[in-house]
Amino acid sequence: MASINVRDQKIEQQRQFMEQKMKQKRQNSGMVQANDLRVGSAKRPISGSRTRELHELGNQIEVLTVGDDIGEGSGEEDCESVPVCSMGRDVSTDDVCADAAVAPLQGRPKRDTSPSQTAEIEGSVEGSVESFVITPAKHGTLYKCRIARDRKGMDRGLYPTYFLHLEKDYGKKVFLLAGRKRKKSATSNYLISTDPTELTRQADSFAGKLRSNLLGTAFTVYDNGKAWRKNHRDPPRHELAAVIYDTNVLGFKGPRKMTVILPGMTQDRQRVTIAPQDDSETLLERWKSQNFDDIVVLHNKTPVWNDETQSYVLNFHGRVTQASVKNFQIVHDSEPDYVVMQFGRISEDVFTMDFRYPLCALQAFGIALSSFDSKLACE
């Protein structure tokens, strides 16, 4: 009994130590903070060729400040329910932008700028949850979600559980997925399940996994299939996404730089199957070798520098309220106004996660989980 008590005390000490380190980290210069700001003097620190994007967002945007945390007073009820699309956009335009962002360069459709009064639809679960989480989002539909991080318990300070819910009207939520980092794994390895209480590979609810490389700078999201092995009859698992975080060799405490690689989409808006049977066929290796057939490459949107506040700014439309280096928006370089996904903090352990076509819930959740993981080489 004495040895068990000592072990429990050590785990609790480790949990408290990690919490203290995280609080200190949120107070350093790498934080990204959201506030409201007039945008008249905003400009990019490197190039002024794309400042037009900022002015198109309207009179009010939110800032991602490289500075101190704004505190822990904002709770879930303080978050506005506003779509992440740019102001003045409509469904017909976003449909074309979505197709353009995932179509081959030579086959991109022309952008239709004709006015439309149709508002963007807020998505809901259709069919079973197991089917919904792996199905690409519908066009003209925004899926507004929330991630809660549970760090209560003896070992959850080191291995929290993350719960993804789809937000509904009047504060209602629909559970979609849960994820937790596996213990005793050589690299960061998260199991993802459609059952919040059963996070094992053997369970029928096992939906997929997220796995990192040794440095924690590259992550791959898989479905619930098994790894390919020669002479095995089981079909190989599918790769759903890959995330690469730029290494920070100079130690500059600024916003992260992310590259997101997705399977491409067919003309009937179905996801291309990427089921590698060789290392050269993985999403990461295709990207490294510049083989862009059947894949889509996205990046996090570059924040704009504002001289008045000495801060980076991005428009989160009220969906992000607290400082965090994890806050980001994912876009295609050809359509920077079409936000495929955005993620950010609203309280100590609650985050918003909104996504659109071509992502599915499992892809978006895996990308978000990669942001939670520690990346010593990037920060």
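You'll find the structure just up there.
On a predicted model such as this, the values are computed, not experimentally measured, just so you know.

Asker: Got a sec to walk through the packing of aromatic side chains? Specific residues and values, please.
Answerer: Aromatic ring pairs are reported here in terms of the distance separating the ring centres and the angle at which the planes meet. Applying the stated criterion to the full structure yields eight aromatic pairs. On the basis of an interplanar angle of 80° and a centroid distance of 6.0 Å, the ring pair of phenylalanine 219 and tyrosine 245 is categorised as edge-to-face. In this pair, phenylalanine 219 sits in strand S10 (residues 218-222) while tyrosine 245 sits in strand S11 (residues 239-245), placing the two residues 26 residues apart along the sequence. The two residues phenylalanine 219 and tyrosine 245 agree in class, both being buried. Members of the aromatic cluster, joined through ring pairs, are Tyr162, Phe328, Phe343, Phe351 and Phe372. Looking at arginine 237, its charged tip hangs above the ring of tyrosine 222, at a distance of 3.8 Å from the centre. In this structure, arginine 356 packs its charged tip against the face of tyrosine 338, placed 5.8 Å from the ring centre.

Asker: I'd like to hear about the pattern of salt bridges, residue by residue, with values.
Answerer: Overall, the coordinates contain 12 salt bridges when judged by the stated rule. Across the pair arginine 151 and aspartate 349 runs a salt bridge whose closest N-O atoms are separated by 3.0 Å. Taken together, the residues arginine 151 in the loop between strand S5 (141-150) and strand S6 (161-167) and aspartate 349 in the loop between strand S17 (341-347) and strand S18 (350-355) connect sequence positions 198 residues apart. The closest approach of N and O atoms between glutamate 285 and lysine 288, which form a salt bridge, is 3.7 Å. Of this pair, glutamate 285 and lysine 288 both sit in helix H5 (residues 283-288), three residues apart, which is roughly one turn of that helix. Bridged by salt links that share partners, the residues Arg146, Glu167, Arg319 and Asp354 form one connected network.

Asker: Before we move on, could you go through helix H6 (residues 361-372) and cite the residues and values that matter?
Answerer: For H6, which comprises 12 residues, the first-to-last C-alpha distance of 17 Å matches the rise-based estimate of 16 Å (1.5 Å per residue) to within 8%. Taken as a whole, H6 has its buried residues at Ala361, Leu362, Gln363, Ala364, Phe365, Gly366, Ile367, Ala368, Leu369, Ser370, Ser371 and Phe372.

Asker: Pulling in residues and values, what's your account of the side chain of lysine 144?
Answerer: When you line up the elements, lysine 144 lands in strand S5. At 3.1 Å, the side chain of lysine 144 forms a polar contact with the side chain of glutamate 122.

Definitions and cut-offs
- Residues numbered from 1 in each chain as written.
- Predicted model: local features only at pLDDT ≥ 70, side-chain atom pairs only at ≥ 80, totals over all residues.
- Heavy atoms only, no water.
- Phe/Tyr/Trp six-rings, centres within 6.5 Å; stacked < 30°, edge-to-face > 60°.
- Helix = DSSP H or I, 4+ residues; strand = E, 2+ residues; numbered from the N terminus.
- Buried < 20%, exposed > 50% of the residue type's maximum accessible area, 1.4 Å probe, protein only.
- Lys NZ or Arg CZ within 6 Å of the ring centre and 35° of its normal.
- Salt bridge = Lys/Arg side-chain N within 4 Å of Asp/Glu carboxyl O.
- Expected span 1.5 Å × (residues − 1).
- Polar contact = N/O pair within 3.5 Å; in protein donor to acceptor, adjacent residues only side chain to side chain.

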